[in-house]
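# Coordinates in review
Residue-level listing of the chains:
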Amino acid sequence: MLRIDFSQINHYFDTLFLWSNHLLNMRIYKLVFSFILFILSFSGYVFGQQTIKYADSIRLKFQIPEIAYAVTDAKKVFEIAALGKHSINLPDTASLNDRFHIGSNTKAMTAFIIAKYIERGKLQWSTKFFDLFPEWKKTSKVEYAAITLKDLLSHRAGIHPLQGLEDDPVIPSFKGTNPEKRKQFGQFILKLDQVKLDSQITFIYSNAGYTLATLMVERVTGKTWEQLVQVVFNNDLQLNVKLSWPENQKQKDTWGHSFENNKLIPVPSSADFHLDYTEPSGDLNIKLKDYIKFIQLNLQGLAGQNNYLKAETYTFLHNGIKDYALGWYNICENGKEISTHAGTVGTYYTLVQIDRTNGKAFVIFTNAFNEQTQQGVRLLMRKLKENYSVLNQVHLY
């Protein structure tokens, strides 16, 4: 006689029901997840299209010959574009292969180089300048006796800012190669009175301080700053960084534009206008797409990932010191931790912001500089940050 165990059958159907229900929930979850990804991707696409139109309207309104901009996180470039022309007097149109002089955004790259050689044990953030240059101590102001590498890179050594004001000391005309002239300039700087810091003035921004910091890494490595740029950024990281102005006489590329008599003036790369003695603070040029790779290295490090530098090194570069860390302003904006810097020597203007809280970066390059350029760049930066603030909120849900 056949016996049927109904308890086992009930258990079987219960199990089948649970698995069916689980599979159904999984399918619904996948559909919802796919829909969310689609919405995020579509939102990014819409923002990208809107931003291009907005950026070009900014470019035209504020008479900026070329604007290139990008938004990225540690792995993905959300949007990137180049709009306009190489020069107001040329028909050449913008491209993502264009190079831009980045001015004081060079400082973060010089600090990055130095950080690599600190990790290699060549020197320390606390290394004193006169430990490496004891022969200069007798001719230097005694107030500088204890200044360190960290002090110089964070603008806390009291080095004269030399901002081109009427009461600035007259800088002699030094002779020799760029490295030789930087040494002579360094000796001159250390004979000037130290600028005093206090509780209200926590740092004094000084390009000359970066020259002194560079002299320190040049001495311990036996290489010039120019050679170190080649080793770190070009040989090791393949970022195709170049010195001084983008070459626009032998090939088509961007022209910087100065502002004289209320109009923009294109400046050829052959112009006799150079950052004598302070190149490590502001004299590199690079393509936007290569600069993004540099920023992504920083974002990865800030997220705790070791790459060319250790994660702890990136944290120190960006957040090791209040107000101005090492090559980056270190600020808090609307509850977000931000690393930021602008750069110009009067013919290009660049602005970079890294949102350390949300792990995103915003980069804008232009090939002109005046008040209108600054205003246009500020508006575009605000637009980019607003767009991706919305996406950050979507991610939270």
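Rules behind the numbers
- Residues numbered from 1 in each chain as written.
- Predicted model: local features only at pLDDT ≥ 70, side-chain atom pairs only at ≥ 80, totals over all residues.
- Heavy atoms only, no water.
- Helix = DSSP H or I, 4+ residues; strand = E, 2+ residues; numbered from the N terminus.
- Buried < 20%, exposed > 50% of the residue type's maximum accessible area, 1.4 Å probe, protein only.
- Areas by Shrake-Rupley, 256 points an atom, 1.4 Å probe, with all protein chains shown as cover.
- Pairing = 2+ DSSP bridges.
- Core = buried A, V, L, I, M, F, W, Y, C linked by side-chain atoms within 4.5 Å.
- Contact = heavy atoms within 4.5 Å.
- Axes fitted to C-alpha atoms, helices over the stretch in contact; angles between N-to-C directions.
- Parallel < 35°, antiparallel > 145°, perpendicular 65-115°, else oblique.
- Left-handed = near helix turned anticlockwise from the far one by under 90°.
- Polar contact = N/O pair within 3.5 Å; in protein donor to acceptor, adjacent residues only side chain to side chain.
- Expected span 1.5 Å × (residues − 1).
- pLDDT = per-residue confidence, 0-100.
- Salt bridge = Lys/Arg side-chain N within 4 Å of Asp/Glu carboxyl O.

## A short note on the overall build of the chain
Along its length, the chain carries 11 helices and 12 strands. In the chain, which comprises 397 residues, the proportion classed as buried is 51%. Accessible area for the chain stands at about 20100 Å²; split by element, carbon and sulfur atoms hold 54% of it.

## So, the sheet that holds strand 10 (residues 336-343)
Taken in spatial order, the seven strands of this open sheet run 2-1-12-11-10-9-8, and their pairing is antiparallel. One side of each edge strand has no neighbouring strand; the edge strands of this open sheet are strand 2 (77-84) and strand 8 (323-324). Across seven bridges, the pairing between strand 1 (residues 66-72) and strand 2 is antiparallel. Along strand 2, the bridge assignment pairs Ile-67 with Leu-83.

## What to know about the nonpolar core
Counting 82 residues, the largest nonpolar core has Phe-112, Phe-129, Phe-233, Tyr-291 and Ile-295 as the members making the most contacts within it. Sort the elements by how many residues they give to this core and helix 2 (residues 106-119) lands first, with nine residues. In contact with Phe-112, other than residues within four places in its own chain, are Val-232, Phe-233, Leu-237, Phe-294, Leu-297, Tyr-308, Leu-309 and Tyr-314. One finds Ile-64, Tyr-69, Leu-380 and Tyr-388 within the second-largest nonpolar core, a separate group that totals 18 residues.

## Side note on the environment of Asp-168
Within the secondary structure layout, Asp-168 lies in the loop between helix 4 (149-153) and helix 5 (178-189). Setting aside residues no more than four positions away along its own chain, Asp-168 makes contact with His-160, Leu-162 and Gln-163.

## Some remarks on unusual backbone geometry
Residue Asn-262 is not a glycine yet carries a positive backbone phi of 65 degrees. Here Asn-262 shows up in the loop between strand 5 (256-260) and strand 6 (263-267). Looking at Asn-262, the relative accessible area reads 68%, which means it is exposed. Even without glycine at this site, Asp-323 takes up a positive phi of about 70 degrees. Tracing the sequence through the fold places Asp-323 in strand 8.

## Remarks on the side chain of Thr-110
With respect to the helices and strands, the residue Thr-110 is situated in helix 2. In this structure Thr-110 comes out as buried when scored by relative accessible area, which is 2%. Apart from the residues within four sequence positions on either side, Thr-110 is in contact with Tyr-210, Thr-214, Trp-225 and Pro-280.

## A closer look at the packing of helix 5 against helix 6 (residues 207-221)
Close contact between helix 5 and helix 6 brings their axes to 10 Å; oriented N to C, the two are set at 125 degrees. Relative to helix 6, the element helix 5 lies oblique. The way helix 5 lies across helix 6 gives a crossing that is left-handed. Every residue of helix 6 that contacts helix 5 at Arg-182, Lys-183, Phe-185, Gly-186 and Ile-189 is listed here: Ala-208, Thr-211, Leu-212, Thr-214, Leu-215 and Glu-218.

## A closer look at the side chain of Ser-258
Within the secondary structure layout, Ser-258 lies in strand 5. A polar atom in the side chain of Ser-258 sits 3.1 Å from the side chain of Glu-260.

## Describing helix 6
Under the 1.5 Å per step criterion, the end-to-end length of helix 6 is 22 Å for 15 residues, consistent within 8% with the ideal 21 Å. Along helix 6, the positions that sit buried rather than exposed are Ala-208, Gly-209, Tyr-210, Thr-211, Leu-212, Ala-213, Thr-214, Leu-215, Met-216, Val-217, Glu-218 and Thr-221. The residue sitting at the N-terminus of helix 6 and contributing the capping side-chain oxygen is Ser-206; that oxygen lies 3.3 Å from the backbone nitrogen of Ala-208. Following helix 6 by one or two positions, Gly-222 adopts a phi angle in the positive range, close to 75 degrees.

## With respect to the environment of Lys-150
Tracing the backbone through its elements, the reader meets Lys-150 in helix 4. Between the C-alpha atoms of Lys-150 and Ser-126, which are 24 residues apart in sequence, the distance is 6.2 Å. Setting aside anything within four residues of it in sequence, one finds Lys-150 in contact with Trp-125, Phe-316, Ile-321 and Leu-326.

## Overview of the confidence of the model for the chain
As a note on interpretation, predicted positions should not be read in detail where pLDDT is low. Overall, the predicted model of the chain reaches an average pLDDT of 90, with 86% of residues at or above 70. Overall, residues 1-6 carries pLDDT values under 50, and its contacts beyond four positions in sequence, including any with other chains, amount to one contact.

## Things to note about the pattern of salt bridges
Summed over the entire model, instances satisfying the criterion amount to nine salt bridges. Among the ionic pairs, Glu-218 bridges to Arg-182, the shortest N-O distance being 2.9 Å. Remark: Arg-182 occurs in helix 5 and Glu-218 occurs in helix 6; sequence separation between them is 36 residues. Considered together, Glu-218 and Arg-182 belong to a single accessibility category, that of buried residues. As a salt-bridge pair, Glu-279 and Arg-182 come within 3.2 Å of each other at their nearest N and O atoms. You can see Glu-279 sitting in helix 8 (residues 279-282) and its partner Arg-182 sitting in helix 5, a full 97 residues away along the chain. Accessibility expressed as a relative area gives 6% for Glu-279, which makes it buried. Here the residues in one salt-bridge network are Arg-182, Glu-218, Glu-226 and Glu-279, joined through shared partners.

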